[in-house]
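Listed below are the residues making up each chain.
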Amino acid sequence: MYEGDTFFSLTLAARFGLVLLSLGLAALMLAVFVRLTCLLAWPVRLLLAPAFLWLFVWLSPQVFYLYYMMLFDDLPLQIVVQSPPWPSKIAHLLSFSDKAALSHHAIGLLGWALVGLAVFGERAVWSTRLRRLLRL
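Everything numeric here is computed off the predicted structure, so don't read it as measured data.

Caption draft 1: Quick look at the overall build of the protein. Across its full length, the protein holds five helices and zero strands. The order of α-helices and β-strands along the protein, N terminus first, is α-α-α-α-α. Counting every position in the protein, which comprises 136 residues, the buried fraction comes to 31%. Expressed as a percentage of contacts within the protein between residues at least 6 apart in sequence, the contacts between residues at least 24 apart total 61%. For the protein, the computed accessible surface area is about 9000 Å², with 71% contributed by carbon and sulfur atoms.

Caption draft 2: Region of interest: the environment of Leu 40. Checked against the element boundaries, Leu 40 lands in the loop between helix H1 (12–37) and helix H2 (42–71). In this structure, the C-alpha to C-alpha distance between Leu 40 and Ala 118, residues 78 residues apart in sequence, is 9.5 Å. If we skip the residues at most four places from it in the chain, Leu 40 touches Arg 45 and Leu 48.

Caption draft 3: Fine view of the layout of surface pockets. Taken as a whole, the largest pocket spans an internal volume of roughly 1200 Å³. Phe 64, Leu 102, Ser 103, His 104 and Ile 107 are, among the 34 residues lining the largest pocket, the residues nearest its centre. Broken down by secondary-structure element, the contributors of at least two residues to the lining of the largest pocket are H1, H2, helix H3 (87–94) and helix H4 (102–124). For the lining of the largest pocket, the element with the highest residue contribution is H2, accounting for eight residues.

Caption draft 4: Broad picture of the packing of H2 against H3. Packing of H2 against H3 leaves a shortest axis separation of 10 Å and a crossing angle of 100 degrees. For the element pair H2 / H3, the angle class is roughly perpendicular. Here H2 contributes Pro 50, Leu 53, Trp 54 and Val 57 to the contact with H3, which in turn contributes Ile 90, Leu 93 and Leu 94.

Caption draft 5: Representation of the confidence of the model for the protein in the model. On average, the protein scores 86 in pLDDT, and the residues at 70 or more come to 88%. Predicted confidence in the protein is weakest over helix H5 (residues 128–134), with a mean pLDDT of 62, and strongest over H2, with 94.

Caption draft 6: Inspection of the packing of H1 against H2 at higher detail. At their nearest, the axes of H1 and H2 sit 10 Å apart, and the two run at 150 degrees to each other. Viewed along their axes, H1 and H2 adopt a mutual orientation that is roughly antiparallel. Between H1 and H2 lies a crossing of right-handed hand. Between H1 and H2, the residues in contact are Ala 13, Ala 14, Gly 17, Leu 18, Leu 21, Ser 22, Leu 25, Met 29, Val 32, Phe 33, Leu 36 and Thr 37 and Arg 45, Leu 48, Ala 49, Phe 52, Phe 56, Val 63, Phe 64, Tyr 67, Tyr 68 and Leu 71, respectively. Looking at the contact of H1 with H2, its residues break down into 18 nonpolar, three polar and one charged.

Reading the values: the criteria
- Residues numbered from 1 in each chain as written.
- Predicted model: local features only at pLDDT ≥ 70, side-chain atom pairs only at ≥ 80, totals over all residues.
- Heavy atoms only, no water.
- Helix = DSSP H or I, 4+ residues; strand = E, 2+ residues; numbered from the N terminus.
- Buried < 20%, exposed > 50% of the residue type's maximum accessible area, 1.4 Å probe, protein only.
- Contact = heavy atoms within 4.5 Å.
- Areas by Shrake-Rupley, 256 points an atom, 1.4 Å probe, with all protein chains shown as cover.
- 1 Å grid on protein atoms, 1.4 Å probe; cavity = no way out; pocket = protein on both sides within 12 Å on 5 of 7 lines; lining within 4 Å.
- Points joined across faces, edges and corners; volume = space filled by probe spheres on them.
- Axes fitted to C-alpha atoms, helices over the stretch in contact; angles between N-to-C directions.
- Parallel < 35°, antiparallel > 145°, perpendicular 65-115°, else oblique.
- pLDDT = per-residue confidence, 0-100.
- Left-handed = near helix turned anticlockwise from the far one by under 90°.
- Nonpolar A, V, L, I, M, F, W, Y, C, P; charged D, E, K, R; others polar.

This is how it looks when you write it as structure tokens:
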């Protein structure tokens, strides 16, 4: 399914670093989502979940490019963020109907995690203990 994915062309250490970076960015996005939407009603949070995913899809390539600059010496310092994605791109990522690549499927999972937090987060994340932890 993932034949030809660039992830597999990296060394084991580079793959490990990329996975850690991806998990860190996803955790940061989820934490920011919780922090900014915790006082909103779930329908509003549900509308904001794709917007947060849209923001991630638009801006995260720059962070990943900076990581690749650490791996490959010949990459120039440049801005790789392009115009914002169309809403249809977000729909394709959420439906896993975009290109069969690990990165696209991981972004789809992040999108569904945001949706899950929006709908079910009232019980799981917005509890008193986690509010104290996040200092809300």
